[in-house]
Amino acid sequence: MSLNLPTLRAQFPVLSRQVHGRPLVYLDNAASAQKPEAVIEAMTNAMRRSYANVHRGLHALANETTQAYEDARAAVARFINAPAPENIVFTKSGTQAVNIVANGIEVEAGDEIVLSVMEHHSNIVPWHFLRERKGAVLKWLDINDEGAIDLGALDALIGPRTKLLALTHMSNVLGARTPAAEIVRIAHGKGVPVLLDGCQAVVHGRVDVAAFDADFYAFTGHKLYGPTGIGVLYGKRERLAALKPFEGGGEMIDIVEQGRVLYNEPPHRFEAGTPPILEAIGLGAAIAWFEAQGRAAIEAHEAALRDRAMQGLRELNWVRLFGEAPDKGAIVAFNAEGAHPHDVAQILDRQGVAIRAGHHCAQPLMARLGVTATARASFACYNTLEEVDVFLAALHKAHKMLS
Ligand SMILES: *Cc1c(COP(=O)(O)O)cnc(C)c1O
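Residues numbered from 1 in each chain as written. Predicted model: local features only at pLDDT ≥ 70, side-chain atom pairs only at ≥ 80, totals over all residues. Heavy atoms only, no water.

### Some remarks on the site of the ligand
Argument step 1. Every residue lining the ligand is accounted for by Ser93, Gly94, Thr95, His120, Ser122, Asn172, Asp197, Cys199, Gln200, Thr220, His222 and Lys223.
Argument step 2. A distance of 2.8 Å separates an oxygen atom of the ligand from a polar backbone atom of Gly94.
Argument step 3. His222 is positioned such that a nitrogen or oxygen atom in its side chain is 2.9 Å from an oxygen atom of the ligand.
Argument step 4. Across the complex, the protein chains shield 90% of the 380 Å² of accessible surface that the ligand would expose by itself. (Near = heavy atom within 4 Å. Polar contact = N/O pair within 3.5 Å; in protein donor to acceptor, adjacent residues only side chain to side chain. Areas by Shrake-Rupley, 256 points an atom, 1.4 Å probe, with all protein chains shown as cover.)

This is the structure we're talking about:
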């Protein structure tokens with residue numbers, strides 16, 4: 001079964017608009033994806049028909065809303081093949097999911113955290129906090145010439161003081177996928193847990209946390225066709241139970257007295273205060289919508305988009321490509337010779353083509369690549385092969401104007 005693109009695109013209201021008098025070609029999906037009617041409707045319906053706070057109601061609307069919120073948790077658990085809904089913590093973002101782990105683990109001066117040079121700042125800065133505040137040591141896994149993780153170097157980076165590996169499952173710049181099962185096997189062989197940042201990987205491929213046995217898995221809703229304000233932290237039961245709570249407040253407690261406090265069980269222990277109820281419902285709808293399109297069909301289509309874009313760019317001898325792993329996700333970073341990526345992005349914008357230019361929240365990667373910024377086109381399941389051609393033609397024009 002392949003995607004019916006006109007039908008699929010028609011479900012995204014924003015895709016039919018124009019920008020600067022041109023049809024919108026939205027290629028900034030790695031920053032955030034557009035939303036289908038199913039998500040917009042699920043959230044507005046919740047507000048129109050059945051809304052209340054969750055978990056503490058003795059009335060119909062509270063019970064219905066709690067059910068919808070917990071159904072969304074169960075949908076997330078099924079989506080990544082987690083053993084139970086209790087393994088799923090709702091957060092406000094992918095960033096917060098990483099912060100919950102960084103804040104919650106026990107770290108002493110000299111303990112080590114292993115990262116890669118292609119991490120997003122969300123999976124770097126929380127660990128810098130541990131370096132600044134606790135004296136933790138950050139160890140950096142390099143990338144190879146293809147722009148993928150240098151797996152051969154991993155073993156030597158893990159020592160007796162290693163507390164955790166915190167690695168991306170797919171780079172938001174290079175598109176490179178990391179071999180999760182292999183990494184976890186190496187780390188667990190030395191008794192070290194693994195957190196994977198799946199903010200991009202959940203969008204562009206199947207994620208099965210049981211199969212690759214990660215201890216923690218973080219991702220975000222707004223890149224998966226869901227709303228902003230919702231993220232997910234998956235954790236193994238015993239790993240979540242061992243984390244110190246992140247925020248204090250209502251909902252995350254069992255007993256509060258003047259002289260002591262007892263915490264609720266995970267996942268509620270990490271959901272202090274009123275959680276992002278509508279956003280969780282929206283994420284549940286996004287997952288249902290996404291799965292209904294057919295994963296295999298989405299993956300095949302995105303591979304075709306990636307191949308067309310990569311091939312088109314390879315033919316241009318004035319383009320430098322970043323990230324050439326053959327099985328990479330549909331994220332294409334590049335620079336045009338003699339042109340600043342910001343200028344390229346601006347000229348493309350005048351032609352209706354939305355791409356991103358900058359450091360992509362990955363400054364250590366920029367330093368590793370020897371640049372300060374790149375341009376990036378990132379694709380979603382609703383992009384078409386014709387849009388890839390519009391992008392390439394617009395890039396030609398930008399090059400002519402700038403060189
Ligand atoms: C977007 C992104 C994040 C941050 O997620 P937010 O929900 O936007 O905070 C982290 N890691 C990667 C790889 C990302 O692409």
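This is not the end of the story, as more comes after the structure.
### Considering the nonpolar core
Argument step 1. Membership of the largest hydrophobic core comes to 86 residues, with the highest contact counts inside it found for Ile80, Leu165, Tyr217 and Tyr225.
Argument step 2. At 10 residues, helix H11 (residues 277-293) tops the list of elements feeding residues into this core.
Argument step 3. Both domain 1 (5-30 + 294-402) and domain 2 (40-291) contribute no fewer than three residues apiece to this core.
Argument step 4. The residues contacting Leu165, other than those within four sequence positions of it, are Val114, Leu154, Ile158, Ile183, Ala187, Val192, Pro193, Val194 and Leu195. (Core = buried A, V, L, I, M, F, W, Y, C linked by side-chain atoms within 4.5 Å. Buried < 20%, exposed > 50% of the residue type's maximum accessible area, 1.4 Å probe, protein only. Helix = DSSP H or I, 4+ residues; strand = E, 2+ residues; numbered from the N terminus. Domains from an automatic or database assignment. Contact = heavy atoms within 4.5 Å.)

### Comments concerning the sheet that holds strand S5 (residues 112-116)
Argument step 1. A sheet is described by the order of its strands in space; here 7 strands give the open sequence S4-S10-S9-S8-S7-S5-S6, paired in mixed fashion. Only two strands of the sheet have a single neighbouring strand rather than two, namely strand S4 (88-91) and strand S6 (137-141). When the angles between neighbouring strand axes are averaged without regard to direction, this sheet yields 20°.
Argument step 2. Inspection of the sheet shows S5 paired to S6 by 5 bridges, in the parallel sense. Within S6, the position partnered with Glu112 by the bridge is Val137.
Argument step 3. The strands touched by helix H4 (residues 94-104) within the sheet are S4, strand S7 (162-168), strand S8 (194-197), strand S9 (216-220) and strand S10 (231-235), with S9 carrying the most contacts at an inclination of about 155°.
Argument step 4. In the packing of helix H5 (residues 125-134) onto the sheet, contacts are made with S5, S6 and S7, and the angle to S6 comes to roughly 145°. (Pairing = 2+ DSSP bridges. Axes fitted to C-alpha atoms, helices over the stretch in contact; angles between N-to-C directions.)

### A look at the packing of helix H12 (residues 295-314) against helix H15 (residues 385-402)
The angle between the axes and the distance between the axes are what describe a pair of packed helices.
Argument step 1. Contact geometry for H12 and H15: axes closest at 9 Å, N-to-C directions at 20°. In terms of orientation, H12 and H15 fall into the roughly parallel class. Seen along the crossing, H12 lies across H15 with a hand that is right-handed. Judged by residue contacts, Ala304, Leu305, Arg308, Ala309, Gly312 and Leu313 of H12 engage Leu385, Val388, Asp389, Phe391, Leu392 and Leu395 from H15.
Argument step 2. For the contact of H12 with H15, a count of residues per class yields 9 nonpolar, 1 polar and 2 charged. (Parallel < 35°, antiparallel > 145°, perpendicular 65-115°, else oblique. Left-handed = near helix turned anticlockwise from the far one by under 90°. Nonpolar A, V, L, I, M, F, W, Y, C, P; charged D, E, K, R; others polar.)

### Some remarks on the environment of Thr228
Argument step 1. Of note, Thr228 is situated in the loop between S9 and S10.
Argument step 2. Excluding its chain neighbours within four sequence positions, the residues that come into contact with Thr228 are His222 and Glu279.

### Quick notes on the sheet that holds strand S16 (residues 356-358)
Argument step 1. An order of S13-S14-S17-S16 is seen for the 4 strands of this open sheet, with the pairing classed as antiparallel. In the strand order of this sheet, the two ends are held by strand S13 (319-322) and S16, each with one partner. Strand-to-strand twist across the sheet, computed as the mean angle between neighbouring axes with direction ignored, equals 30°.
Argument step 2. Looking at chain direction, strand S14 (residues 331-336) and strand S17 (residues 374-378) are connected through 4 bridges and run antiparallel. Along S17, the bridge assignment pairs Val332 with Ala377.

### Considerations on the environment of Val184
Argument step 1. Inspection of the secondary structure puts Val184 in helix H7 (residues 180-189).
Argument step 2. Considered as a pair, Val184 and Asp145 are 39 residues apart in the sequence and their alpha carbons are 23 Å apart.
Argument step 3. Sequence-distant contacts of Val184, that is, excluding residues within four places in its chain, are made with Val194, Phe212, Asp213 and Ala214.

### What about the pairing of strand S11 (residues 253-256)?
Argument step 1. The sheet contact formed by S11 and strand S12 (residues 261-263) spans 3 bridges and is antiparallel. Pairing of Val256 across the sheet is with Val261, part of S12.
Argument step 2. Between S11 and S12, which pair antiparallel one after the other, the connecting turn spans 4 residues.

### A look at the layout of surface pockets
Argument step 1. Taken as a whole, the largest pocket encloses approximately 200 Å³ of empty space.
Argument step 2. Considering the residues around the largest pocket, the lining is formed by Ile105, Glu106, Thr162, Lys163, Leu164, Pro193, Phe216, Glu238, Arg239, Ala242 and Leu243.
Argument step 3. Considering each element in turn, the lining of the largest pocket owes the most residues, 3 residues, to S7.
Argument step 4. Taken together, the residues that form the lining of the largest pocket break down as 6 nonpolar, 1 polar and 4 charged. (1 Å grid on protein atoms, 1.4 Å probe; cavity = no way out; pocket = protein on both sides within 12 Å on 5 of 7 lines; lining within 4 Å. Points joined across faces, edges and corners; volume = space filled by probe spheres on them.)

### A closer look at the side chain of Asn172
Argument step 1. As for its placement among the helices and strands, Asn172 is situated in the loop between S7 and H7.
Argument step 2. Reaching out from Asn172, the side chain makes a polar contact with the backbone oxygen of His360 at a distance of 3.0 Å.
Argument step 3. Sequence-distant contacts of Asn172, defined by excluding residues within four places in its chain, comprise Ala30, His120, Gln200, Ile331, His360 and Arg376.

### What about a nonpolar patch on the surface?
Argument step 1. A grouping of Val256, Val261 and Tyr263 is seen on the molecular surface, where their side chains present a nonpolar patch of about 260 Å² in accessible area.
Argument step 2. Among the secondary structure elements, Val261 is positioned in strand S12. (Patch = residues over 30% accessible without salt bridge, like charges linked within 9 Å, V, L, I, M, F, W, Y side chains within 5 Å. Salt bridge = Lys/Arg side-chain N within 4 Å of Asp/Glu carboxyl O.)

### Side note on H7
Argument step 1. Residues of H7 that are buried: Ala180, Ile183, Val184, Ile186 and Ala187. Projected onto a plane normal to the axis of H7, the buried residues spread over an arc of 160° and lie on a single side. Facing away from the buried surface of H7 by more than 90 degrees, the exposed residues are Arg185 and Gly189.
Argument step 2. At the C-terminal side of H7, Gly191 shows a positive phi close to 75°. (Arc of directions from axis to C-beta.)

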